[in-house]
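# Examination of the molecular architecture
Below, each chain spelled out in residue letters.
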Amino acid sequence: MEKLLATDRNIDYLYPHVDVWGFPISSYLFLGGLAAGILLFAALYYLLGKEKDMPFTVKIGPLFAFPIIVLGLFLLVFDLHHKLYVWQLFMTARAVSPMSWGAWTLVIVSFFSLLWPLSFIDSIDEYLIKRGWSKMTKVTEYLIKLEHKWIIPHFIIIMFRKYRKFLAFVMLIYSIILGIYTGILLSAFNAHPLWNNPILGPLFLTSGVSTGSAFVMWLSNNKKERLLMSAIDMSLIAIELFFIVHMFMGMEAGAEVYKQAAGLFLGGEFTAVFWGVFVGMGLILPFILEALELKGFHIPIVVPAILILVGGLIFRIIMVQAGQMSEYPMFP
Amino acid sequence: MRYAMAIDVNKCVGCGDCVVACQTENNVPLGYSRDWIMEFVKGDYPDLFLHFESQRCNHCEDTPCVRTCPTGASHVIEGGIVKVTHDECIGCGACIEACPYDARYFHPDGYVDKCTFCDHRVKDGLDPACVSVCPTECMYFGDLDDPESKISKLLKERENYTILPEAGTKPQIYYLK
Ligand code: SF4
Ligand code: SF4
């Protein structure tokens, strides 16, 4: 059987829909995962009582989460085709639509990412002075001034300080939800067999947390913190590899459309960039570098950290693009 | 009430009148279309024949497009017709990704547009524009919940199929073999 033509469907810019979602959505998923990772570690190590030992993880890292989330939301809105109506997104909350509850999760998490560092603002200021990040101290000092002037609602921050343990717990849960959401957003689409995959949620969460640990490892100046993060990151990479192998095994065992979806990565057009660039240079190479570092070799930590961050972004670009190309074939 | 469409693929000659009628009736912007004809060659040489399918939104029973819409702009109205409220749509594209049939597109004004089963005509008791103009009269529109309707009878009498039933959306455009 051969398809000859499709009247009014041979319109390049309309059909098939392979680039409805592009770079902004991939980056949105990446930034969401990164922020989730950063906040997850902050909440986790605070709850474990490591506030003093891991100052960057608990207090400074979250300082970056808010701008990261805002950038992500900006990209999301930028990608909308009916931008002026964006407020409609926040007129309802629909549990069955990941796009809806994800946007709400992002809003909730962004509150935490703002209040968390504000509640630590004095010690953050001290830390920044010690580290000589004078540009950033200007920001914190300004915030402190605002807080003293009651412009930033003082009582919210005081309450936050008072119930920090409980709030850390909530933040931990929400950062996990955010991380999983970045995968579920895609896996909710049955129409794209590659995405229609329950492993995507945990896989994106793991990858997001891994980028979070890379971020902390890169910017912290505390040797212990860095080594711990790099050890954690190594196990996250191992989990990611496990998920990836399972994902493809599951697809290969599935119906023809799932085999075709897996085929895009197993011999198809995404094979080289997925295995060579993402798995090779974004997972395995940093894993080896981190292992060497732990063995005592001197490796500039920025190298594996950047590899993981760039790898995480590339992973999402590949998944978004390949997913849209994996479709049910329209033949009678 | 459950509106559906049945299309006799043996009568269809692929003239494309349904496409033009829809574009005119619904003011579809130039270069876009809500319905389209797929044209296939079937059989083995020398027994070849052409197979036409006039396709559009299947007004599925199980609607992934409605489920994934974050604002509720995509919704189902009386009779199972799937519609989009333009000023609730933010143009996120989730419904486009969710539809296995590529039945939706971004209108140049930003919102998502698609076949409405001509609900504005249907509520006055008329057939959708595509059905009403078909020169071979190969399309039937009606209520499946009414066992006496022409479409219910046809679907009972004749063998039929839907497109991509494996996508699991329970499409409501039937093709009579
Ligand atoms: S054909 Fe597509 S747009 Fe129409 S109801 Fe089914 S899933 Fe939704
Ligand atoms: S593009 Fe519009 S109709 Fe489609 S899912 Fe987004 S808001 Fe809903």
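Scope of this entry: the structure provided in the associated data block. (Residues numbered from 1 in each chain as written. Chains lettered and ligands numbered in written order. Predicted model: local features only at pLDDT ≥ 70, side-chain atom pairs only at ≥ 80, totals over all residues. Heavy atoms only, no water.)

## Description of the site of ligand 2
Around ligand 2, the structure places 14 residues, and the nearest of them are B:Cys69, B:Ser74, B:Cys89, B:Cys92 and B:Cys95. Residues of the shell around ligand 2, tallied by class, amount to 10 nonpolar, four polar and no charged. (Near = heavy atom within 4 Å. Nonpolar A, V, L, I, M, F, W, Y, C, P; charged D, E, K, R; others polar.)

## Points about the nonpolar core
A:Trp21 and A:Phe265 are the most contacted members of the largest nonpolar core, which has 149 residues in total. Ranked by residue count, the leading element in this core is helix H1 (residues 23-47) of chain A, at 16 residues. (Core = buried A, V, L, I, M, F, W, Y, C linked by side-chain atoms within 4.5 Å. Buried < 20%, exposed > 50% of the residue type's maximum accessible area, 1.4 Å probe, protein only. Helix = DSSP H or I, 4+ residues; strand = E, 2+ residues; numbered from the N terminus.)

## Structural notes on the side chain of A:Thr211
Residue and element names in this part refer to chain A. Summarising the element assignment, Thr-211 is placed in helix H8 (residues 200-219). Looking at Thr-211, the relative accessible area reads 1%, which means it is buried. Those residues within four positions of Thr-211 in sequence are excluded, and the remaining contacts are Phe-30, Gly-33, Leu-34, Ile-308, Leu-309 and Gly-312. (Contact = heavy atoms within 4.5 Å.)

## Brief notes about helix H5 (residues 134-148) of chain A
Residues and elements named next belong to chain A. Given a rise of 1.5 Å per residue, 15 residues ought to cover 21 Å, and the 21 Å separating the end C-alpha atoms of H5 matches this to within 8%. Among the residues of H5, Thr-137, Thr-140, Ile-144, Leu-146 and Glu-147 are the ones counted as buried. Where H5 is buried, its residues touch helix H3 (98-119), helix H4 (121-131) and helix H6 (154-162). (Expected span 1.5 Å × (residues − 1).)

## Details of the side chain of B:Glu53
Residues and elements named next belong to chain B. Its location among the elements puts Glu-53 in strand S3 (residues 49-55). The charged side chain of Glu-53 is buried without a salt bridge, its nearest counter-charge being Lys-42 at 6.4 Å. Engagement of the side chain of Glu-53 in a polar contact is seen with the side chain of Tyr-161, the distance being 2.8 Å. (Lys, Arg positive; Asp, Glu negative; His and termini not counted. Salt bridge = Lys/Arg side-chain N within 4 Å of Asp/Glu carboxyl O. Polar contact = N/O pair within 3.5 Å; in protein donor to acceptor, adjacent residues only side chain to side chain.)

## Description of the site of ligand 1
Neighbouring ligand 1 are the residues B:Cys57, B:Asn58, B:His59, B:Cys60, B:Pro64, B:Cys65, B:Val82, B:Cys99, B:Pro100, B:Tyr101, B:Arg104 and B:Lys114. In terms of residue class, the shell around ligand 1 is built from eight nonpolar, two polar and two charged.

## Focus: unusual backbone geometry
Residue and element names in this part refer to chain B. The omega angle of the peptide bond from Tyr-45 to Pro-46 is 5°, so this bond is cis rather than trans. Within the secondary structure, Pro-46 sits in the loop between strand S2 (36-42) and S3. In this structure, Phe-117 takes a positive phi of about 60° despite not being glycine. Checked against the element boundaries, Phe-117 lands in the loop between strand S7 (112-113) and helix H4 (119-122).

## Describing the interface of chain A and chain B
The interface is formed by 44 residues belonging to chain A together with 51 residues belonging to chain B. Surface buried jointly by chain A and chain B totals about 4100 Å² across both partners, of which 61% is contributed by carbon and sulfur atoms. Along the contact surface separating chain A from chain B lie zero salt bridges. Viewed at the interface, chain B and chain A are joined by 10 residue pairs in polar contact (both at pLDDT 80 or more). At the level of secondary structure, the elements contributing two or more residues to the side of chain A that touches chain B comprise strand S1 (2-7) and H3 of chain A. Per element, the largest residue contribution to the side of chain A that touches chain B is six residues, and it comes from S1(A). (Buried area = accessible area lost by both parts, 1.4 Å probe.)

## A word on the sheet that holds strand S1 (residues 3-8) of chain B
Residues and elements named next belong to chain B. What the four strands build is an open sheet, ordered S8-S1-S10-S9; its pairing is mixed. With one partner strand each, in any of the chains shown, strand S8 (139-143) and strand S9 (160-161) form the two edges of the open sheet. Here S1 pairs with strand S10 (residues 173-176) via four bridges, running parallel. Looking across to S10, one finds that Met-5 is bridged to Ile-173. Here helix H6 (residues 150-157) sits on the sheet and contacts S1, S8, S9 and S10; the angle it forms with S8, its principal contact strand, is near 115°. (Pairing = 2+ DSSP bridges. Axes fitted to C-alpha atoms, helices over the stretch in contact; angles between N-to-C directions.)

Purely geometric numbers; function is a separate question.
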